[in-house]
Amino acid sequence: TGTELREPGDPLMPGQIFNSNRVMLRAGLEACSWAEVLDFGIVPDNRDAIARTLADAASRCDAVVTTGGVSASEEDHVSWAVDSSGGKLDVLKVAMRPGKPVKVGRLDDCLFLGLPGNPNAALVTFRMIALPALRKLAGMVETDPIWNSAVANFTYEKRLGRTEYVPVQRTGDNVGGKIEVTMLGRGSSASLRSLADAHGIAMLPPDLTKIERKAVLRIEWLD
């Protein structure tokens with residue numbers, strides 16, 4: 001969703017941005033051999049247009065994945081559109097960074113997954129929330145991300161009670177039989193540059209306020 005979106009390669013006017021999420025998420029979904037993907041295109045920031053598209057998608061699909069329009073600004077209409085289409089949202093926000101405003105619910109018999117519009121947040125919530133839910137819907141036994149252990153070559157302070165996901169890159173060193181990783185940037189929600197250069201996503205647990213150097217981390221490798 002987003003009136004400001006244009007497809008990659010189209011000219012940009014003032015206030016417009018490229019629709020990187022469509023390319024990114026479509027590639028992620030089409031890599032799943034068990035999923036048939038229908039693309040409903042860009043929907044402008046119009047309540048009725050979003051509601052009509054959601055109703056159409058829910059009538060044809062087992063699950064609907066959207067990006068954008070899930071925060072609380074005047075132009076974020078997805079929650080309203082789900083409600084007006086007879087749906088229900090069971091999850092309104094999650095204590096995570098990036099991706100706090102992610103929404104999960106139902107549109108009649110259809111699973112609804114509303115991802116944030118910022119690209120980094122969209123990718124993290126897709127991999128950590130949407131993909132496990134879709135695997136479950138497809139009848140798979142193993143649904144969660146595949147976590148590996150690695151050692152931090154950085155220090156990082158974070159908020160207590162919030163799980164954070166940060167892009168990391170292998171340093172090439174080995175510490176006690178585990179791969180060493182360094183953090184790329186601070187996981188800005190609006191930028192994909194760090195994730196494009198990353199080898200994996202590290203999960204920083206909610207019960208810590210600081211990640212110390214040599215700490216053992218859980219990593220989902222992207223490659």
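Shown above is the structure to which this text applies.
Within each chain, residues carry numbers counting from 1 in the order of the written sequence. Only residues with pLDDT of 70 or above have their local features reported here, since the model is predicted, and side-chain atom pairs are shown and tallied only from 80 upward, although totals for entire chains, interfaces and linings are computed over all residues. Where side-chain values are given, they derive from all heavy atoms of the structure, hydrogens and water being excluded.

Chemist: Explanation requested: the packing of aromatic side chains in the structure shown.
Modeler: Describing an aromatic ring pair means giving the distance of the ring centres and the angle of the ring planes. Under the pairing criterion, centres of Phe, Tyr and Trp rings, with the six-membered ring standing for Trp, must be within 6.5 Å; the plane angle then separates stacked pairs below 30 degrees from edge-to-face pairs above 60, leaving the rest tilted. Counted according to the given criterion, the structure contains zero aromatic pairs. Its guanidinium or amino end placed over the ring of W221, R170 lies 4.2 Å from that ring's centre, counting from NZ or CZ. Distance and angle both matter: a charge sits over a ring if NZ of Lys or CZ of Arg is within 6 Å of the ring centre and within 35 degrees of the ring normal.

Chemist: Before we go on, may I ask you to explain the sheet that holds strand 4 (residues 88-91) in this structure?
Modeler: Adjacent strands of a sheet form backbone hydrogen bonds with each other and so pair up, either parallel or antiparallel. Overall, mixed pairing links the four strands, which are arranged 3-7-6-4 in an open sheet. At either margin of the open sheet sits one strand with a lone partner, and together these are strand 3 (63-67) and strand 4. Within the sheet, the average angular offset between the axes of one strand and its neighbour, ignoring direction, is 25°. Note that strand 4 and strand 6 (residues 103-107) share three bridges and pair antiparallel. Among the inter-strand pairings, V91 is bridged to a residue of strand 6, identified as V104. Strand pairing is defined by DSSP finding a minimum of two bridges between the two strands. What counts as a helix is a DSSP run of H or I of at least four residues, what counts as a strand is a run of E of at least two, and both are numbered from the N terminus. Axis definition: a line fitted to C-alpha atoms, limited for helices to the stretch in contact. Angles are taken between N-to-C directions and run from 0 to 180 degrees.

Chemist: Help me understand the pairing of strand 11 (residues 178-183) in this model?
Modeler: Along any regular strand, the residues point their side chains to alternate faces of the sheet. Of the strand pairs in this sheet, strand 8 (residues 148-152) and strand 11 are connected by three bridges, and their pairing is parallel. Its bridge partner lying in strand 11, A152 is registered against V181. Taken together, the five bridges between strand 10 (residues 163-175) and strand 11 define a ladder with antiparallel strand orientation. Residue pairing in the sheet places Q169 in a bridge with T182 of strand 11. Where strand 10 folds back onto strand 11 in an antiparallel hairpin, the turn is made up of two residues, including G176, whose phi is positive at roughly 60°.

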